[in-house]
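# Understanding the architecture of this molecule
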Amino acid sequence: LTSRLFKRPVSGTAHALVLFGSAVLILGHAAHGLHFLGLPVHEGRVGFWLMGLGRDLAGVAVLLGLLFFLGRRLFPPERLSRPKSRSGFVYMEILLLVAVLAGFGAEAIRISHDGVHEGKFVGNFLASLLGETGDASAAFRTAWWIHGLLGLGFIAWIAHSPIVHILLGPINSALASARRGILLKPIDWSALEDEEAEEVPPLGASKPIDFDRKILLDSSTCLWCGRCDEVCPARQTGKALSPKGVVATVSEYL
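First things first, this report covers the structure right here in the doc. Please read these numbers as outputs of a predicted model, since none were measured by experiment.

## A look at the overall build of the protein chain
Helix and strand counts for the protein chain stand at 11 helices and 0 strands. Secondary structure elements of the protein chain occur, N-terminal to C-terminal, as α-α-α-α-α-α-α-α-α-α-α. Taking 2.2 N^0.38 as the reference for a compact globule, 254 residues should give roughly 18 Å; the C-alpha atoms of the protein chain span a radius of gyration of 25 Å, well beyond that estimate. Once the C-alpha set of the protein chain is aligned to its principal axes, its extents read approximately 90 × 40 × 30 Å. Per-residue burial over the protein chain gives 33% buried out of 254 residues. Excluding contacts between residues fewer than 6 apart, the proportion of contacts in the protein chain whose partners are at least 24 apart in sequence is 66%. Split by element, the accessible area of the protein chain, about 16,600 Å² in all, is 66% carbon and sulfur. One way to put it: in the protein chain the 24 positive side-chain charges average out to a point 7 Å from where the 22 negative ones average out.

## Quick word on the pattern of salt bridges
Applying the stated criterion across every chain yields a total of 10 salt bridges. In this structure, Glu 78 engages Arg 82 in a salt bridge whose closest nitrogen and oxygen atoms are separated by 2.9 Å. The exposed category is assigned to Glu 78, whose relative accessible area is 53%. Between Arg 110 and Asp 114 there is a salt bridge; the shortest N-O distance is 3.9 Å. Here Asp 114 and Arg 110 lie together in helix H4 (residues 89-114), a separation of 4 residues that amounts to about one turn. Taking relative accessible area as the criterion, Asp 114 reaches 52% and is therefore assigned exposed. Salt bridges here are not isolated pairs; linked through shared partners, they connect Asp 56, Glu 107, Arg 110, Asp 114 and Lys 120.

## Structural notes on the side chain of Ser 251
Along the chain, the position of Ser 251 falls in helix H11 (residues 243-253). Under the relative-accessibility criterion, Ser 251 is labelled buried at 15%. Other than its neighbours up to four places away in sequence, Ser 251 contacts Ser 219 and Trp 224.

## A short note on the nonpolar core
In globular proteins that are soluble, nonpolar side chains generally tend to be buried together. Formed by 23 residues in total, the largest nonpolar core has its most connected members in Val 62, Leu 66, Leu 96, Phe 154 and Ile 163. Within the residue set of this core, elements represented by two or more residues are helix H1 (9-35), helix H2 (44-74), H4 and helix H6 (137-157). The element best represented in this core is H4, accounting for 9 residues. Discounting chain neighbours no more than four positions away, the residues touching Ile 163 are Phe 89, Met 92, Phe 154 and Ile 158.

## Side note on the packing of H4 against H6
Taken N-terminus to C-terminus, the directions of H4 and H6 make an angle of 155°; their axes are 8 Å apart at the nearest point. If you check the angle between H4 and H6, you find them roughly antiparallel. Where H4 crosses over H6, the two elements pack in a sense that is left-handed. For the pair H4 and H6, contact is made by Tyr 91, Met 92, Leu 95, Leu 96, Val 98, Ala 99, Ala 102, Gly 103, Ala 106, Ile 109 and Arg 110 and by Ala 139, Phe 140, Ala 143, Trp 144, Ile 146, His 147, Leu 150, Gly 151, Gly 153, Phe 154 and Trp 157, respectively. Taken together, the residues of the contact of H4 with H6 sort by class into 17 nonpolar, 4 polar and 1 charged.

## Things to note about the packing of aromatic side chains
Throughout the structure, instances matching the rule amount to 3 aromatic pairs. Here the aromatic rings of Phe 68 and Phe 69 are separated by 5.7 Å at their centres, their planes lie at 65°, and the arrangement is edge-to-face. The class for Phe 68 is partly exposed, based on a relative accessible area of 23%. Look at Phe 69 and you get buried, because its relative accessible area is 14%. Centroid distance Trp 144 to Trp 145: 5.4 Å. Interplanar angle 90°. Geometry classified as edge-to-face. The residue whose ring lies beneath Arg 73 is Phe 89, and the NZ or CZ to ring-centre distance is 3.9 Å.

## Examining H1
Residue pairs spaced three or four apart in an α-helix point in one direction, given the helix's 3.6 residues per turn. Across its 27 residues, H1 extends 39 Å between first and last C-alpha, which sits within 8% of the 39 Å expected from 1.5 Å per residue. For H1, the full list of buried residues reads Ser 11, Gly 12, Ala 14, Ala 16, Val 18, Gly 21, Ser 22, Leu 25, Gly 28 and Ala 31.

Cut-offs and rules
- The residue count restarts for each chain, going from 1 along the sequence in the order it is written.
- Per-residue local features are limited, in this predicted model, to residues with pLDDT of at least 70; the limit for side-chain atom pairs, both in listing and counting, is 80 or more; totals at the level of whole chains, interfaces and linings are taken over all residues.
- To obtain the side-chain values, all non-hydrogen atoms of the structure were included, while hydrogens and water were left out.
- By definition, any uninterrupted DSSP run of H or I lasting at least four residues is a helix, any uninterrupted run of E lasting at least two residues is a strand, and each is numbered from the N terminus.
- We compute the radius of gyration from the C-alpha atoms alone; for a globule the expected value is 2.2 Å times N to the 0.38, where N is the number of residues.
- Throughout this description, buried means an accessible area under 20% of the type-specific maximum (1.4 Å probe, protein chains only), exposed means over 50%, and partly exposed covers the range between.
- Whether two residues are in contact is decided by their heavy atoms: any pair within 4.5 Å suffices.
- Only the protein chains shown count as cover for residues, and the accessible areas themselves come from Shrake-Rupley with a 1.4 Å probe.
- Counted charges follow a simple rule, with Lys and Arg positive, Asp and Glu negative, and His plus the chain ends left uncounted.
- In this description, the location of a charge corresponds to atom NZ of lysine, CZ of arginine, CG of aspartate or CD of glutamate.
- Salt bridges are counted wherever a side-chain nitrogen of Lys or Arg sits within 4 Å of a carboxyl oxygen of Asp or Glu.
- To define a nonpolar core, start from buried Ala, Val, Leu, Ile, Met, Phe, Trp, Tyr and Cys residues and group those joined through side-chain atoms within 4.5 Å.
- Axis angles are defined between N-to-C directions and span 0 to 180 degrees, where every axis is a line fitted to C-alpha atoms and, for a helix, only to the segment in contact.
- We call two directions roughly parallel when the angle between them is under 35 degrees, roughly antiparallel when it is over 145, roughly perpendicular when it lies between 65 and 115, and oblique otherwise.
- Handedness of each helix crossing follows the sense of rotation of the near helix against the far helix: counterclockwise by less than a right angle gives left-handed, clockwise gives right-handed.
- Polar here means any residue other than Ala, Val, Leu, Ile, Met, Phe, Trp, Tyr, Cys and Pro, which are nonpolar, and Asp, Glu, Lys and Arg, which are charged; Gly is therefore polar.
- Classification of ring pairs uses Phe, Tyr and Trp, with its six-membered ring standing for Trp, and accepts pairs whose centres are within 6.5 Å; under 30 degrees between planes counts as stacked, over 60 as edge-to-face, and the remaining range as tilted.
- Only when the NZ atom of a Lys or the CZ atom of an Arg is both within 6 Å of the ring centre and within 35 degrees of the ring normal do we say a charge sits over the ring.
- How far a helix is expected to stretch is found by multiplying one less than its residue total by 1.5 Å.

Structure representation (structure tokens):
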């Protein structure tokens with residue numbers, strides 16, 4: 001599903017940083033819930049490798065990936081901006097970026113009060129900048145709630161943003177036809193020669209309802225990256241045809 005991403009090593013690596021970094025952060029938050037059941041998840045090897053070093057490394061990975069994506073969206077290559085670019089990415093990237101930073105901030109406040117946590121190199125460093133604090137429980141709760149609400153806001157916004165491709169992508173790939181080649185229905189050319197026909201039969205699709213559901217799902221999943229335009233023979237000869245433009249138009253109608 002993601003193998004083609006790594007044909008472009010930089011963007012592929014950025015995707016991997018955000019994807020796997022987020023997975024580790026989510027796993028760490030889920031494991032933290034076990035703490036309230038009395039399980040010592042913040043101690044021993046689990047405490048060091050997952051709750052400490054693992055989550056801090058994952059947070060840094062997500063931040064690095066998001067910074068690359070923000071730069072790519074603010075200064076896009078031509079394939080992303082022509083004939084049009086898909087909006088909504090920047091807001092989601094900023095929201096997730098602030099959520100991760102708020103998480104580091106909450107950890108720094110907690111560590112500044114409770115003491116150094118082995119493995120949390122980012123949290124320990126930020127806590128050292130804060131210095132020793134007195135009762136930081138109120139500040140920690142505030143930062144924790146900000147971090148939590150930002151994270152939940154990001155999850156709630158997924159279905160209304162281009163990030164929904166993380167859900168639609170696997171579904172779309174699972175429903176893909178194993179047969180290679182042109183999958184559209186053939187055109188009945190003989191109908192065009194029927195002089196007694198009341199109306200000329202349509203050539204191809206003139207409105208979204210003319211497509212089958214799988215093609216509509218393709219359009220909803222598409223990120224408008226423009227790589228189809230890069231390899232389109234008609235586009236390369238300077239013709240007005242833009243495969244990306246067609247998909248983008250169908251997606252906007254949907």
